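Here's the letter readout for the chains.
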Amino acid sequence: MKSKRDSAQGNIHHRTKSNNVADAADATDALVIFGATGDLARKMIFPALYAMTKRGVLNVPVVGVAGSQWRQAQLRKQVTDSIRQAGRIDDRDALKRLLSRLRYVGGDYNDPATFTALKQALGGARRPAHYLAIPPALFATVIRGLGAAGLADQARVIVEKPFGRDLASARELNRIALSVFAEDSIFRIDHYLGKEAIMNILYFRFANSFLEPIWNRNCVASVQITLAEDFGVKGRGAFYESAGCLRDVIQNHLFQIVALLAMEPPAYQGYGAVHCEKAKVFQAMRPLLPDDVVRGQYAGYRKEPGVAKDSDVETFCALRLFIDSWRWEGVPWYLRSGKCLAATAAEVLVELKPPPQKLFDDSTPLAGRANYLRFRLSPNAAVALAARVKRAGKEFVGDQRELYLLDQQPNAETPYERLLGDAMAGDGALFTRQDAVEAAWAVLAQVLDTRHRAHRYQPGSWGPQQANALIAADGIWHNPIQEAP
Ligand code: BG6
């Protein structure tokens, strides 16, 4: 079922039988991974390719490209090791099939000979997909190299976030990408959009009727989103120095979650309509000012390899955001993320307003939080609705209890499996659109230039104290607990 308006950008009823048939002629016939020797390929992409091979959805040559002069056998070993590290090798035939499809091309991305060698390795492939799993500083070089070598005609390009490092660079990068690829051949990855729990936000909001009447400024007091990690930069110090938490996860992952929570209902049944509504949320976000943002840095960060001794880069960020729309006027959105925090978990808490009159002694707001809806996003997925119920006895006192929906589905595709498969099939539904990327950068424009210094915090804490002051007028942070997955 595909809406006529949406043929290029996918449909919410994604991957129906008819879509697959329609897309078959359009499918990618070779996958090229730039940055094949790198971290992202090792941790995420190779395990995803293995899972796709097991499912029988990856049947095309895979060409790894990187600066090092590796032999084919080294790439095969790297792929095998990475799959082992990610889990276990439970299908030897699938591994064999994947390894047999691998090719390797080594060379400098500035050298046209690298792209000539890639062309040879691609043989007769007509519609390759080029995945840029490389530092953002190299995107433009590789895109231009592909164009000059004639490797972009009919091809697709998959670009990892961050797409640009501010509004101007995002526009420039887009200009370069569009000079070589058509808009519907550019796939801007934000792997959060491929997570089941995040896709469920869209579904939960618009597949249920009870939510809409309360999902606005009349009933919602505030919204909090926390993405916490209990580990540090894990050897990515050099990358972090160029990014920081705001660029690494807030402008993209957390803002995408905000957009799904805040958007208006899509006007028709198609992902094009979802893209439009999400873009409007970014456009309605009030640009952040320095006082809306608290930056933190964990003690010990400056000793990480690749980090400056006097670095002021933030490994923690908390911010207060407003969406100037009819629905959300006056509702504060609190976003927070950090490394080396007390837990690894991501949650959304939508806190509702308390009842208008205090009829019972223990009514909120005096006794803790008002009713809320909680979306657990990671490491496990859950939706919980908290409401007060009376304790048995003479007194009218009660407790807030959670109605808990937990829907862990075994065998769900990982985000990279899902998104790689979609990009290869030409389905842009779960990728970010340029207008949305630009509008999100515009919200950060002032605080990327002018900001308060990062406050130190202790590893294992919930970040600097100043983050508590930021939220104080509207309550306290909700700290997600670390549960067994
Ligand atoms: C990545 C960031 O995009 O997302 C990392 O670069 C972060 O710093 C990661 O750790 C979080 O993703 P996930 O899927 O593990 O929650």
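Summarised in this report is the structure supplied together with it. (Residues numbered from 1 in each chain as written. Predicted model: local features only at pLDDT ≥ 70, side-chain atom pairs only at ≥ 80, totals over all residues. Heavy atoms only, no water.)

## So, empty space enclosed by the protein
Next, step 1: This structure, assessed with the given rule, holds three cavities of 30 Å³ or more.
Next, step 2: If you add up the space inside the largest cavity, you get close to 120 Å³.
Next, step 3: Elements that contribute at least two residues to the lining of the largest cavity include exactly strand E6 (186-189), helix H9 (237-262) and helix H12 (434-449).
Next, step 4: Per-element accounting of the lining of the largest cavity gives the leading share, four residues, to H12.
Next, step 5: In terms of residue class, the lining of the largest cavity is built from seven nonpolar, four polar and four charged.
Next, step 6: Empty space within the second largest cavity amounts to approximately 40 Å³.
Next, step 7: Along the walls of the second largest cavity sit Gln256, His275, Lys278, Ala279, Phe282, Thr432, Arg433 and Ala436, which together make up its complete lining.
Next, step 8: In terms of residue count, the dominant contributor to the lining of the second largest cavity is helix H10 (residues 271-284) (four residues).
Next, step 9: When the residues that make up the lining of the second largest cavity are grouped by side-chain class, the tally is three nonpolar, three polar and two charged. (1 Å grid on protein atoms, 1.4 Å probe; cavity = no way out; pocket = protein on both sides within 12 Å on 5 of 7 lines; lining within 4 Å. Points joined across faces, edges and corners; volume = space filled by probe spheres on them. Helix = DSSP H or I, 4+ residues; strand = E, 2+ residues; numbered from the N terminus. Nonpolar A, V, L, I, M, F, W, Y, C, P; charged D, E, K, R; others polar.)

## Re the sheet that holds strand E11 (residues 345-352)
Next, step 1: One open sheet holds the nine strands; their spatial order is E14-E13-E12-E11-E7-E10-E9-E8-E15, and the pairing between them is mixed. Each having just a single partner strand, strand E14 (398-406) and strand E15 (455-457) make up the two edges of the open sheet. Shown here is a sheet whose adjacent strand axes are inclined to one another by a mean of 20 degrees, direction ignored.
Next, step 2: Two strands pair when backbone bridges link them, and strand E8 (residues 293-298) and strand E9 (residues 316-322) are joined in this way by four bridges, in the antiparallel orientation. By the bridge assignment for E9, valine 294 is matched with alanine 318. (Pairing = 2+ DSSP bridges. Axes fitted to C-alpha atoms, helices over the stretch in contact; angles between N-to-C directions.)

## Remarks on the pattern of salt bridges
Next, step 1: One pass over the structure, following the stated rule, counts 29 salt bridges.
Next, step 2: In this structure, arginine 175 and glutamate 172 form a salt bridge, with 2.9 Å as the shortest nitrogen-oxygen distance. Here glutamate 172 and arginine 175 lie together in helix H7 (residues 167-180), a separation of three residues that amounts to about one turn.
Next, step 3: For glutamate 172, a relative accessible area of 35% translates into the label partly exposed.
Next, step 4: Close ionic contact of aspartate 435 with arginine 433 constitutes a salt bridge, the shortest N to O distance being 2.8 Å.
Next, step 5: Linked through salt bridges whose partners overlap, the residues forming this network are Arg295, Asp312, Glu314 and Arg453. (Salt bridge = Lys/Arg side-chain N within 4 Å of Asp/Glu carboxyl O. Buried < 20%, exposed > 50% of the residue type's maximum accessible area, 1.4 Å probe, protein only.)

## Here's the deal with the site of the ligand
Next, step 1: Taken together, Lys161, His191, Tyr192, Lys195, Glu229, Arg236, Asp248, Val249, His253 and Lys339 make up the full set of residues near the ligand.
Next, step 2: One of the side-chain nitrogen or oxygen atoms of lysine 195 is found 2.7 Å away from an oxygen atom of the ligand.
Next, step 3: Between the ligand and the protein, one listed contact pairs an oxygen atom with a side-chain N or O atom of aspartate 248 at 2.6 Å.
Next, step 4: Considering the ligand on its own, with 400 Å² of exposed area, one finds that the protein chains cover 77% of that surface.
Next, step 5: Among the residues forming the shell around the ligand, the class breakdown is two nonpolar, two polar and six charged. (Near = heavy atom within 4 Å. Polar contact = N/O pair within 3.5 Å; in protein donor to acceptor, adjacent residues only side chain to side chain. Areas by Shrake-Rupley, 256 points an atom, 1.4 Å probe, with all protein chains shown as cover.)

## Focus on the packing of aromatic side chains
Next, step 1: Inspection of the entire model under this criterion finds 15 aromatic pairs.
Next, step 2: Between phenylalanine 34 and phenylalanine 115, the aromatic rings sit 6.2 Å apart at their centres with planes inclined by 35 degrees, giving tilted as the arrangement. On the criterion of sequence distance, the pair formed by phenylalanine 34 in strand E1 (residues 30-34) and phenylalanine 115 in helix H5 (residues 112-122) is long-range, its members being 81 residues apart. Like phenylalanine 115, phenylalanine 34 is buried.
Next, step 3: With a centroid separation of 5.7 Å and an interplanar angle of 75 degrees, the aromatic rings of tyrosine 298 and tyrosine 301 are classed as edge-to-face.
Next, step 4: Through a chain of ring-to-ring contacts, three or more aromatic side chains come together here, namely Tyr298, Tyr301, Phe316 and Tyr457.
Next, step 5: Here the guanidinium or amino end of lysine 234 rests over the ring plane of phenylalanine 231, the centre of that ring lying 4.1 Å away.
Next, step 6: The ring of phenylalanine 396 is capped by lysine 390, whose NZ or CZ atom sits 5.4 Å from the centre of that ring. (Phe/Tyr/Trp six-rings, centres within 6.5 Å; stacked < 30°, edge-to-face > 60°. Lys NZ or Arg CZ within 6 Å of the ring centre and 35° of its normal.)

## Points about unusual backbone geometry
Next, step 1: A cis geometry characterises the amide bond from lysine 161 onward to proline 162, with omega recorded as 0 degrees.
Next, step 2: Structurally, the position occupied by proline 162 is in the loop between strand E5 (156-160) and H7.
Next, step 3: For the bond from serine 378 to proline 379, the omega torsion is 5 degrees, close enough to zero to count as cis.
Next, step 4: Structurally, proline 379 is set in the loop between strand E12 (372-378) and strand E13 (382-390).
Next, step 5: Unlike most non-glycine residues, lysine 234 shows phi in positive territory, near 50 degrees.
Next, step 6: You can see lysine 234 is positioned in the loop between strand E7 (220-228) and H9.
Next, step 7: Of the residues examined, lysine 234 reaches a relative accessible area of 54% and is grouped as exposed.
Next, step 8: A positive phi angle, near 55 degrees, is found at cysteine 340, a position not held by glycine.
Next, step 9: Along the chain, cysteine 340 falls in the loop between strand E10 (332-338) and E11.

## Quick notes on the packing of helix H6 (residues 139-148) against H7
Next, step 1: Two numbers describe how H6 lies on H7: the axes approach to 9 Å, and their chain directions differ by 15 degrees. In terms of orientation, H6 and H7 fall into the roughly parallel class. Crossing hand, H6 versus H7: left-handed. Residues Phe139, Ala140, Ile143, Arg144 and Gly147 of H6 form the contact with H7, whose participating residues are Leu173, Ile176, Ala177 and Val180. (Parallel < 35°, antiparallel > 145°, perpendicular 65-115°, else oblique. Left-handed = near helix turned anticlockwise from the far one by under 90°. Contact = heavy atoms within 4.5 Å.)

## Here's the deal with a positive patch on the surface
Next, step 1: A grouping of Arg302, Lys303, Lys309 and Arg456 is seen on the molecular surface, where their side chains present a positively charged patch.
Next, step 2: Looking at the element boundaries, lysine 303 is found in the loop between E8 and E9.
Next, step 3: The exposed category is assigned to lysine 303, whose relative accessible area is 74%. (Patch = residues over 30% accessible without salt bridge, like charges linked within 9 Å, V, L, I, M, F, W, Y side chains within 5 Å. Lys, Arg positive; Asp, Glu negative; His and termini not counted. Charge placed at Lys NZ, Arg CZ, Asp CG, Glu CD.)

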